[in-house]
Amino acid sequence: MTLRDGGVAVEVMSGRRALHFVFKVGSRFQTAHFFRDVLGMKVLRHEEFEEGCKAACNGPYDGKWSKTMVGFGPEDDHFVAELTYNYGIGDYKLGNDFMGITLASSQAVSNARKLEWPLSEVAEGVFEIEAPGGYKFYLQNQSLLQSDPVLKVTLAVSDLQKSLNYWSNLLGMKIYEQDKEKQRALLGYADNQCKLELQGIKGTVDHAAAFGRIAFSCPHKELPDLEDLMKREKQTILTPLVSLDTPGKATVQVVILADPDGHEICFVGDEAFRELSKMDPEGSKLLDDAMAADKSDEWFAERNKPKASG
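Everything numeric here is computed off the predicted structure, so don't read it as measured data.

A. Main features of the overall build of the protein. Scanning the protein from N- to C-terminus turns up 7 helices and 20 strands. Radius of gyration (C-alpha) of the protein: 19 Å, near the 19 Å computed for a compact globule of 310 residues. The proportion of buried residues among the 310 residues of the protein is 53%. Restricting the contact set of the protein to residue pairs at least 6 apart, pairs at least 24 apart contribute 67%. Working note: accessible area of the protein is about 14,500 Å², and carbon and sulfur atoms make up 50% of it. Averaging the coordinates of the 36 positive side-chain charges in the protein and doing the same for the 47 negative ones gives two points 1 Å apart.

Below, the structure is given as structure tokens:
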């Protein structure tokens, strides 16, 4: 489908989906409490890995790590969070790159008040809340009819027009809103999907050590073409097309890109990802068992040593 944007033909890619945002977490226990009990998300699946990911899914770390997918419903039709935990690393320095996730859930607001999790009202009916590690979420005190309460992910950009050219003209996203005065734009692949908000800032975008990654799927056959496009346009390819294995589950192919500000972007073949991302009814128990078996906090405490910082 081709839209007209200021007289320029922009190809909007059908069949592409916004999937998840990747957070590095230092405390699985506190983080699980926040996402499950405060936000009200479910553990969709939990996976343990003995060595670092070939596509640096867990960051630039080679050791043992885990991945926990949490969301309000199945990954097929919900935007979810991927919580990556590197054993032995207790915290990650935040940059100014990730500006927050906005979701509509009066239940989450109610949960936060009940659990006395700090909330601050930043606009009428909109509350700012911090996940462990300092990641910001914005809770709209309402419940919408749509199935997925997650509305948008906001990322900082240093040059909005340059970023719009990348995300819209190269990656095929539709521009839903644009405010040049406020230096912000809202983009997405479909009306019923979580949107990407780009917010212009002064100065450079700093990813620090906590930098995340936003993931999308596309038909498997588009992955080589996407990589070729980025090569022709002289854009950054962090990881060329590669296959990733998950023990006992489907193998997926991914290409990892970076936008003009260095935001990491994963594109994964949709067909295999739908197999990989099937909800595991044992997911919550697997996470709880892994946390119970992880004695790293006690090990460091007994030796009066802090965990490493990312």
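So, next bit.
B. A look at helix α3 (residues 160-170). Taken together, the buried positions of α3 are occupied by Leu 160, Ser 163, Leu 164, Tyr 166, Trp 167, Ser 168 and Leu 170. Gly 172 lies just past α3 and shows a positive phi near 75°.

C. Just the environment of Asp 270, in detail. Along the chain, Asp 270 falls in helix α5 (residues 270-276). Here Asp 270 falls in the buried class, since its relative accessible area comes to 10%. Taking C-alpha positions, Asp 270 is 25 Å from Ser 163, a pair spaced 107 residues apart along the chain. Not counting chain neighbours up to four residues away, the residues in contact with Asp 270 comprise Arg 17, Ser 217, Cys 218, Pro 219 and His 220.

D. Main features of the state of the cysteines. For the structure on display, the rule yields 1 disulfide. Paired by a disulfide, Cys 53 and Cys 57 hold their sulfur atoms 2.3 Å apart. Here Cys 218 is not disulfide-linked; the sulfur of Cys 266 is the nearest cysteine sulfur, at 9.4 Å. Residue classification places Cys 218 among the buried positions, given a relative accessible area of 0%. We note that Cys 266 lacks a disulfide partner, and the nearest cysteine sulfur, in Cys 57, lies 6.8 Å from it.

E. Local environment of the sheet that holds strand β6 (residues 80-86). Spatially, β4-β5-β6-β3-β16-β19-β18-β17 is the arrangement adopted by the 8 strands of the open sheet, whose pairing is mixed. A single partner strand is all that each edge strand has here, and the edge strands are β4 (42-49) and β17 (236-244). Direction aside, neighbouring strands of the sheet carry axes that sit 20° apart on average. As paired strands, strand β5 (residues 65-71) and β6 are joined by 6 bridges and run antiparallel to one another. By the bridge assignment for β6, Lys 67 is matched with Thr 84.

F. Main features of the pattern of salt bridges. The full count for this structure, using the stated rule, is 20 salt bridges. Residue Lys 67 is joined to Glu 47 by a salt bridge in which the shortest nitrogen-to-oxygen separation is 3.8 Å. A residue pair is termed long-range when its members are at least 10 positions apart, and Lys 67 in strand β5 and Glu 47 in strand β4 qualify at 20 residues. Its relative accessible area of 10% is what places Lys 67 among the buried residues. Linked by salt bridges that have partners in common, Arg 45, Glu 47, Lys 67, Glu 75 and Lys 249 make up one network.

G. Just unusual backbone geometry, in detail. Of note, the phi angle at Gln 183 is positive, near 55°, even though the residue is not glycine. One can find Gln 183 in the loop between β13 (174-179) and β14 (184-188). Residue class for Gln 183 comes out partly exposed when judged on its relative accessible area of 33%. Residue Ala 208 is not a glycine yet carries a positive backbone phi of 50°. Topologically, Ala 208 is positioned in the loop between β15 (195-200) and β16 (213-218). Given a relative accessible area of 27%, Ala 208 falls into the partly exposed group.

H. Region of interest: the nonpolar core. Residues Phe 23, Phe 137, Trp 167, Leu 171 and Phe 267 are the most contacted members of the largest nonpolar core, which totals 63 residues. Sorting elements by how many residues they give to this core places α3 first, with 5 residues. In this structure, Phe 49, Cys 53, Trp 65 and Leu 276 belong to the second largest nonpolar core, which totals 16 residues.

About the thresholds
Residues numbered from 1 in each chain as written. Predicted model: local features only at pLDDT ≥ 70, side-chain atom pairs only at ≥ 80, totals over all residues. Heavy atoms only, no water. Helix = DSSP H or I, 4+ residues; strand = E, 2+ residues; numbered from the N terminus. Rg over C-alpha atoms; globule rule 2.2 N^0.38 Å. Buried < 20%, exposed > 50% of the residue type's maximum accessible area, 1.4 Å probe, protein only. Contact = heavy atoms within 4.5 Å. Areas by Shrake-Rupley, 256 points an atom, 1.4 Å probe, with all protein chains shown as cover. Lys, Arg positive; Asp, Glu negative; His and termini not counted. Charge placed at Lys NZ, Arg CZ, Asp CG, Glu CD. Disulfide = S-S within 2.5 Å. Pairing = 2+ DSSP bridges. Axes fitted to C-alpha atoms, helices over the stretch in contact; angles between N-to-C directions. Salt bridge = Lys/Arg side-chain N within 4 Å of Asp/Glu carboxyl O. Core = buried A, V, L, I, M, F, W, Y, C linked by side-chain atoms within 4.5 Å.

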